[in-house]
Amino acid sequence: MELGSGGPAPGPGQAALGRGGLEFLQHTVGSLLSSYGWYILLAAVAIYLLVQKISQSLAARPSSQPGAADAAVEPDMVVRRQEALAAARLRMQEELNAQAERYKEKQRQLEEEKRRQKIAMWESMQEGKSYKGNLKLNQQEVESGASTSSAVPKSKPNKKPLRGGG
């Protein structure tokens, strides 16, 4: 007996063993399919649909290496995109400038109104009137063009009624 040989030569006993193993395999697979056949079928269909979906998404995804035709079109697209961005930025800046101009004009009008109120208050104080109560009346008169500075205030009598004499 040599240990280095390839093993015993196939004989009639191994053919019977192969046939018995085949019968055992058929019995095992048949039993497995009869027990879990529908589950195996559904799993196979799900795997098939998953593979189809993945292959479609891979085919639809653009390749990372642009072709020669893409490279020729790309600079034009980049230039157009940059011009569009520049135009959009210019429009937004013009809108912002217009808003700032409107705000400044509104502030000038408010400053002018405050200045008019101060002038009206000063005039009413010079006349000796209460400037807070008559401020609205003076504003209306100033706006209508009538001037209250020509009116002379009445002098107060020297009589003091609480002092007992006259």
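Before going further, it helps to examine the overall build of the protein chain. Looking only at helices and strands, the protein chain has three helices and zero strands in total. Looking at the protein chain residue by residue over its 166 residues, the buried ones come to 4%. As displayed, the protein chain has an accessible area near 15600 Å², and 61% of this comes from carbon and sulfur atoms.

Right, let's talk about the confidence of the model for the protein chain for a bit. Chain-level pLDDT for the protein chain is 79 on average; 65% of the residues reach the 70-or-more range. Helix α2 (residues 68–127) holds the highest mean pLDDT among the elements of the protein chain, 90, whereas helix α3 (residues 135–144) holds the lowest, 58.

Next up on the list: a nonpolar patch on the surface. Where nonpolar side chains cluster on the molecular surface, the patch consists of Leu22, Leu25, Val29, Leu32, Leu33, Tyr36, Tyr39 and Ile40 and spans about 820 Å² of accessible area. Relative to the elements of secondary structure, Tyr36 occurs in helix α1 (residues 12–60). We classify Tyr36 as partly exposed; its relative accessible area is 46%.

Applying the stated criterion to the full structure yields five salt bridges. One salt bridge in this structure joins Glu112 and Arg116, with 3.6 Å as the shortest N-O distance. Placement of both Glu112 and Arg116 in helix α2 is noted, with a separation of four residues, approximately one turn of the helix. The salt bridge involving Arg116 is made with Glu113; its shortest N-O contact spans 4.0 Å. Remark: Glu113 and Arg116 occur in helix α2; sequence separation between them is three residues, near one turn of the helix. When its relative accessible area of 47% is taken as the criterion, Arg116 is described as partly exposed. Three or more residues are tied together by salt bridges with common partners; here these are Glu112, Glu113, Arg115 and Arg116.

Definitions and cut-offs
Residues numbered from 1 in each chain as written. Predicted model: local features only at pLDDT ≥ 70, side-chain atom pairs only at ≥ 80, totals over all residues. Heavy atoms only, no water. Helix = DSSP H or I, 4+ residues; strand = E, 2+ residues; numbered from the N terminus. Buried < 20%, exposed > 50% of the residue type's maximum accessible area, 1.4 Å probe, protein only. Areas by Shrake-Rupley, 256 points an atom, 1.4 Å probe, with all protein chains shown as cover. pLDDT = per-residue confidence, 0-100. Patch = residues over 30% accessible without salt bridge, like charges linked within 9 Å, V, L, I, M, F, W, Y side chains within 5 Å. Salt bridge = Lys/Arg side-chain N within 4 Å of Asp/Glu carboxyl O.

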